[in-house]
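Chain and residue survey
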Amino acid sequence: MDGSYMGGDTPSAFYGNPNLLNTLDKDKYKSYKDVTLEDLGFTRKSVEFELKGMVDDLTNPNTGEEYTDDDYKTLILRAVGEVEKEFDIAIRPRAVADRKDYYQNDNNNFMYMKTSVRPILHVDDLQTFFNNQTIMHYDDTWIKVSNRVGQIQVQPSIFMQAQRSVLNPQFMLPGNGSQWMPGNFMEDSAPQMIGVSYVAGMLPRKEGDEGINNDYYVPEDLIAYVAKYAAIDVLERWGRVILSPGIASYGVSIDGIASNINTTASAENSATAGEIRNLQEDMKHIKQGLLAYYGGTNIGIIA
């Protein structure tokens, strides 16, 4: 594996805190901030694919014209926002700073923590605080990241002296609960004692990597899930144009020529309700797979 993929100075496939940002095409992107949703596969075409056979008939209810690129962009942005909250994930790469609470059991498990969003592209800094005073900065080589599920643990080198510790303990031994906190700290929990800054999100798929789902790529089923969300928005609006909910029939008679439309249209059974239900059924199956892939939902409990 290419050493540039890794963090630190050791080109190893097993480096604990890989810098996945190094996989970006440097000729195309100056920074992860330049990555767009369209680069990641969230495009108008992805939504239209879910509406195949209907696209030519779809019109914007406000203008009576075909949906524009801006219309689709707005619907995709809304769908991405919904999906990010639903799965506790970041799609477009962004810098994140978490302040995590201290729990003794997690602390004794190599300082186990889950970040607020995932996947993690790189952990930039990890610190512990006591009443806003920095106790320790942790060496990059100690940080062990499960990138896709957003989990971090710390495993210091055996007998390695802390370089920048305010406490400057003599030895740092894995599994020793006292290694992270002041020696007289006896609390089971404390608020915001751990600070972690990292870049979270996903990166564009490289040419030739079609069908390969690296942790930092957008899974194809996630693209489909977002597209189905946006397609439902389109169908809901179009359904209201075809026949307003709550109206049971229309009748027109001109010069002896009559036309009648009877319908069961309602808020629950609009003109496009069948198509919407089909999309929602597809999404249920995809959702279970994505939850499993990203390690379930982050659940916060307030005691």
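The paragraphs below set out a description of the structure included in this document. Every value quoted in this text rests on a predicted model; they were computed, and no experiment measured them.

Section: helix α2 (residues 69–87)
Owing to its 3.6 residues per turn, the α-helix aligns residues three or four sequence positions apart on the same side. If you check α2, its first and last C-alpha atoms are 27 Å apart, about what 19 residues at 1.5 Å a residue would give, namely 27 Å. Considered for burial, the residues of α2 that qualify are Tyr-72, Leu-75, Ile-76, Ala-79, Val-80, Val-83, Glu-84, Glu-86 and Phe-87.

A short note on the sheet that holds strand β4 (residues 133–137)
Pairing is antiparallel across the open sheet formed by four strands, whose spatial order is β1-β7-β3-β4. Taken across any chain shown, the strands that pair with only one partner, and hence form the sheet edges, are β1 (94–103) and β4. Averaged over all pairs of adjacent strands, the angle between their axes in this sheet comes to 30 degrees, without regard to strand direction. One ladder, built from seven bridges, connects strand β3 (residues 120–130) with strand β7 (residues 189–200); its direction is antiparallel. The residue of β7 that forms the bridge with Ile-120 is Ala-200.

A look at the packing of aromatic side chains
For the structure shown, the criterion picks out six aromatic pairs. Seen from their ring centres, Tyr-225 and Tyr-229 are 5.6 Å apart, and the 85 degrees between their planes marks the pair as edge-to-face. Of the two residues, Tyr-225 and Tyr-229 are both situated in helix α4 (residues 220–242); the distance of four residues between them amounts to about one turn of the helix. Overall, Tyr-225 belongs to the buried group, its relative accessible area being 3%. Classification of Tyr-229 as partly exposed rests on a relative accessible area of 24%.

Thoughts on the side chain of Arg-118
Relative to the assigned elements, Arg-118 resides in the loop between β2 (113–114) and β3. Salt bridges are absent for the buried Arg-118, whose nearest opposite-charge side chain, Asp-88, sits at 4.4 Å. Of note is the side chain of Arg-118, whose polar atom sits 2.4 Å from the backbone oxygen of Tyr-294.

Some points on the pattern of salt bridges
Under the criterion given, the structure shown has eleven salt bridges. Put simply, Arg-44 and Glu-66 hold a salt bridge, and the shortest N to O gap is 2.9 Å. With Arg-44 in helix α1 (residues 44–50) and Glu-66 in the loop between α1 and α2, this residue pair connects regions lying 22 residues apart in the sequence. Where Glu-84 meets Arg-94, a salt bridge forms, and the shortest distance between an N and an O atom there is 2.8 Å. Of this pair, Glu-84 sits in helix α2 while Arg-94 is found in strand β1, placing the two residues ten residues apart along the sequence. Three or more residues joined by partner-sharing salt bridges are found here, namely Arg-44, Glu-48, Glu-66 and Asp-69.

As for the environment of Asn-278
Following the sequence through the fold, Asn-278 ends up in helix α5 (residues 273–293). C-alpha of Asn-278 to C-alpha of Lys-228: the two residues are 50 residues apart in sequence and 10.0 Å apart in space.

Re the sheet that holds strand β6 (residues 151–154)
Strand order in the open sheet formed by three strands is β2-β6-β5, with antiparallel pairing between adjacent strands. One side of each edge strand has no neighbouring strand; the edge strands of this open sheet are β2 and β5 (143–146).

Some words on the side chain of His-122
Counting through the fold element by element, His-122 comes out in strand β3. Polar contacts involving the side chain of His-122 include one to the main-chain carbonyl oxygen of Pro-18, which spans 3.4 Å. Setting aside chain neighbours within four positions, we find His-122 in contact with Asn-17, Pro-18, Asn-19, Asp-140, Tyr-198 and Val-199.

Concerning the nonpolar core
In this structure, Phe-42, Val-47, Leu-51, Ile-89, Ile-91 and Leu-222 are the most contacted members of the largest nonpolar core, which totals 49 residues. At the level of secondary structure, the elements contributing two or more residues to this core comprise α2, α4 and α5. The element that contributes the greatest number of residues to this core is α4, accounting for twelve residues. With residues near it in sequence (within four places) discarded, Leu-222 still touches Phe-42, Val-83, Ile-89, Ile-91, Met-202, Leu-290 and Tyr-294. Formed by 23 residues, the second largest nonpolar core is a distinct cluster that contains Met-113, Ile-120, Val-154 and Ala-190.

Parameters and conventions
Along each chain, the written sequence defines residue order, and numbers are assigned to residues from 1. Per-residue local features of the predicted model are confined to residues with pLDDT of at least 70, and side-chain atom pairs are confined, for both listing and counting, to 80 or more; whole-chain, interface and lining totals are unaffected and use all residues. To obtain the side-chain values, all non-hydrogen atoms of the structure were included, while hydrogens and water were left out. Per the convention used, a helix needs a DSSP run of H or I reaching at least four residues, while a strand needs a run of E reaching at least two, with both numbered from the N terminus. Here a helix's expected span is defined as the number of its residues, less one, multiplied by 1.5 Å. The buried label applies to any residue whose accessible area, calculated with a 1.4 Å probe on protein chains only, is under 20% of its type's maximum; exposed applies above 50%, and partly exposed to all values in between. The pairing criterion is simple: DSSP has to find at least two bridges between the two strands. Orientation is described by lines fitted to C-alpha atoms, with helices fitted over the stretch in contact, and by angles between N-to-C directions that extend from 0 to 180 degrees. Here is the rule: rings of Phe, Tyr and Trp (six-membered ring for Trp) pair when centre to centre is within 6.5 Å. Planes less than 30 degrees apart are stacked, more than 60 are edge-to-face, and the remainder are tilted. Note that His is not counted, nor are the chain ends; the positive residues are Lys and Arg, and the negative ones are Asp and Glu. When a carboxyl oxygen of Asp or Glu is within 4 Å of a side-chain nitrogen of Lys or Arg, the pair counts as a salt bridge. Polar contact is defined as a pair of N or O atoms within 3.5 Å, subject to the rule that within protein one atom must be able to donate a hydrogen and the other to accept it, and that residues adjacent in sequence are counted only when both atoms are side-chain atoms. Whether two residues are in contact is decided by their heavy atoms: any pair within 4.5 Å suffices. Residues belong to a common nonpolar core when they are buried Ala, Val, Leu, Ile, Met, Phe, Trp, Tyr or Cys residues joined through side-chain atoms within 4.5 Å.

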